[in-house]
Amino acid sequence: MTAQRIYLDYNASTPIDPAVSAAMMPFLADHFGNPSSGHWAAAPAKAALERARGQIAALLGCEDDEVVFTSGGSEANNLALKGVFFARRSGGDHIITTRIEHPAIIEPCRFLERLGARITYLPVDGFGRVDPDDLRRAITPRTILVSIMHANNEVGTIQPIEECARIARDHGILLHTDAAQSVGKMATDVNGLGVDLLSVAGHKLYAPKGVGALFVRRGVLIEPLIHGAGHESGRRAGTESALLAVGLGKACELARDLSPMDRVRALRDHFWRELQSRFGNRIALNGHLSHRLPNTLNVSFIGRAGGEILERLDGVAASTGSACHSGRIELSPVLAAMCVAPEVGMGAIRFSLGRGTTREEIDAVAERLSGAL
């Protein structure tokens, strides 16, 4: 008999919300015009595109013209990093980031290093938090950009972005944050955070894959990655998809209500207590106890391999940041940066909950873990 399928990998991707699907449907059958054209067929697509831009701006607390549509979070991150570097390289070549960033930040930084950029990778503490004093000490006269993620995708730790932004602003340096994991789970008002650029990924907040956005504060100049006919106010060429924009816009409208996260947090905490009661000192929590996304529980089964445990959890979708190569387990770069001991870190599993998660599912996973171990 096949076990019930349970999805606890919402940090990897979310299902499309039914309200988002409904909003997109008319654009599958009609409203196919090019938003940049000036005739009757373009008008509905253009209006929908700008309405969606306004919905994203309302969530982020910014102006409509500060929102740039992208193909996803990775493109938004690349546009922020490369766009600032190429626009400002005459005044500096130094970028500061952290050791626990998503590959969509780390890899563009490595690319820019090949072009002459100097990158400083800040350390984190045992909870995965950056020390703002380390940022202050790392700044040089050549620093042009700081990029620190809002919340970590693996352990859920939330960074002190507001304080880091103040430090950057005091030095006349731009600050970008990758908010792919935090948008829709916690407040992401760009003025409250004090950021100059912020990345959004649609499929992390119940919108389709293939769409995202980059907030670019007025007055911040970036060099486009894609050159062409000057779409998105010259910041990202290519005919916009009204279909995908509508989906992201509706998802952002829904995300303004953060009350569902209270229930998700309660379920997450119930799950942790249940695991503690079953496994005691054989498990350890990875990440900060309080400065953490409300849906994320990264737990290590000490002395075990997380991947092997997941294989035994029939029907459960979750993830582990560690990788197995030729029978050897490599510790997640995030846990390694946190100085988590190998015998602890190799047993890490990330359970990330969502709007659709139920208490019955959580209890079922706890029971299956008991059986698997």
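Residues numbered from 1 in each chain as written. Predicted model: local features only at pLDDT ≥ 70, side-chain atom pairs only at ≥ 80, totals over all residues. Heavy atoms only, no water.

Next up on the list: the overall build of the protein chain. Counting its secondary structure elements, the protein chain contains 15 helices and 14 strands. Its C-alpha radius of gyration of 21 Å places the protein chain within 12% of the 21 Å reference for a compact globule of 373 residues. C-alpha extents for the protein chain along the principal axes are approximately 65 × 55 × 40 Å. Taking all 373 residues of the protein chain together, 55% fall into the buried category. Long-range contacts, defined as pairs at least 24 residues apart, comprise 74% of the intrachain contacts of the protein chain with a sequence gap of at least 6. Summing over all exposed atoms, the protein chain offers an accessible surface of approximately 15,500 Å²; the carbon and sulfur share of this is 52%. Of note, the protein chain has its 40 positive side-chain charges centred 1 Å away from the centre of its 41 negative side-chain charges. (Helix = DSSP H or I, 4+ residues; strand = E, 2+ residues; numbered from the N terminus. Rg over C-alpha atoms; globule rule 2.2 N^0.38 Å. Buried < 20%, exposed > 50% of the residue type's maximum accessible area, 1.4 Å probe, protein only. Contact = heavy atoms within 4.5 Å. Areas by Shrake-Rupley, 256 points an atom, 1.4 Å probe, with all protein chains shown as cover. Lys, Arg positive; Asp, Glu negative; His and termini not counted. Charge placed at Lys NZ, Arg CZ, Asp CG, Glu CD.)

Relative orientation of the contacting elements helix α11 (residues 260–279) and helix α15 (residues 359–372) amounts to 25°, with a least axis distance of 10 Å. If you check the angle between α11 and α15, you find them roughly parallel. Crossing geometry of α11 relative to α15 is assigned as right-handed. Counting all contacts with α11, which are made through Leu267, His270, Phe271, Glu274, Leu275, Arg278 and Phe279, the residues of α15 involved are Arg359, Ile362, Asp363, Val365, Ala366, Glu367, Leu369 and Ser370. (Axes fitted to C-alpha atoms, helices over the stretch in contact; angles between N-to-C directions. Parallel < 35°, antiparallel > 145°, perpendicular 65-115°, else oblique. Left-handed = near helix turned anticlockwise from the far one by under 90°.)

Note on sheets: strands pair through backbone hydrogen bonds, and any given pair is parallel or antiparallel. On the basis of which strands lie adjacent, the open sheet formed by seven strands has the order β2-β8-β7-β6-β5-β3-β4 and mixed pairing. Either end of the sheet is taken by a strand with one partner, and the two such strands are β2 (67–70) and β4 (118–122). For this sheet, the mean angle separating the axes of adjacent strands, direction not counted, is 20°. Summarising the sheet, β2 and strand β8 (residues 212–216) pair through four bridges and their orientation is antiparallel. Each residue of the ladder has a partner; that of Thr70, found in β8, is Gly212. Along the sheet, helix α5 (residues 103–114) contacts β3 (94–98), β4, β5 (143–147) and β6 (174–178); its crossing angle with β4, the most-contacted strand, is approximately 150°. (Pairing = 2+ DSSP bridges.)

On to the packing of helix α3 (residues 43–60) against helix α10 (residues 242–255), then. Relative placement of two packed helices is described by the angle separating their axes and the distance separating the axes. Axis separation between α3 and α10 bottoms out at 8 Å; the angle between their running directions is 30°. Here α3 lies roughly parallel to α10, going by the angle between them. Both α3 and α10 take part in a crossing whose hand is left-handed. Mapping the contact onto sequence places Ala45, Ala48, Leu49, Ala52, Gln55, Ile56 and Leu59 in α3 and Ala242, Ala245, Val246, Leu248, Gly249, Lys250, Cys252, Glu253 and Ala255 in α10. Residue composition of the contact of α3 with α10, by class: 12 nonpolar, two polar and two charged. (Nonpolar A, V, L, I, M, F, W, Y, C, P; charged D, E, K, R; others polar.)

Here we take up the nonpolar core. Counting 54 residues, the largest nonpolar core has Leu135, Leu198 and Leu248 as the members making the most contacts within it. Ranked by the residues each element gives to this core, the list is headed by α3, at six residues. Leu248 has contacts with Ile56, Phe69, Val200, Gly202, Leu205, Ala207, Val211, Gly212 and Ala213, leaving out every residue within four places of it along the chain. Ranked by size, the runner-up nonpolar core spans 26 residues in total, among them Phe271, Val316, Ile349 and Leu369. (Core = buried A, V, L, I, M, F, W, Y, C linked by side-chain atoms within 4.5 Å.)

Further remarks concern the pattern of salt bridges. Counted according to the given criterion, the structure contains 19 salt bridges. For Lys250, the salt bridge goes to Glu253, with nearest N and O atoms at 2.7 Å. Taken together, the positions of Lys250 and Glu253, both in helix α10 and three residues apart, correspond to about one turn of that helix. A residue is classified by how much of its surface remains accessible, and Lys250, at 21% relative accessible area, is partly exposed. For Asp363, the salt bridge is made with Arg359, and the minimal N-O distance between the two is 3.8 Å. With Asp363 and Arg359 both in helix α15 and four residues apart, the pair spans about one turn of that helix. Judged by its relative accessible area of 30%, Asp363 is partly exposed. What you see here is one network of salt bridges that share partners, running through Lys46, Glu50, Arg53 and Glu232. (Salt bridge = Lys/Arg side-chain N within 4 Å of Asp/Glu carboxyl O.)

What follows covers the environment of Arg263. Its place among the elements puts Arg263 in helix α11. With relative accessibility at 39%, the residue Arg263 sits in the partly exposed group. Taking the C-alpha atoms as reference points, Arg263 and Ile139, 124 residues apart in sequence, are found 41 Å from one another. Not counting residues within four places of it along the chain, the set of residues in contact with Arg263 comprises Gly354, Arg355, Gly356 and Thr357. Within polar-contact distance, the side chain of Arg263 engages the backbone oxygen of Thr357 at 2.8 Å. (Polar contact = N/O pair within 3.5 Å; in protein donor to acceptor, adjacent residues only side chain to side chain.)

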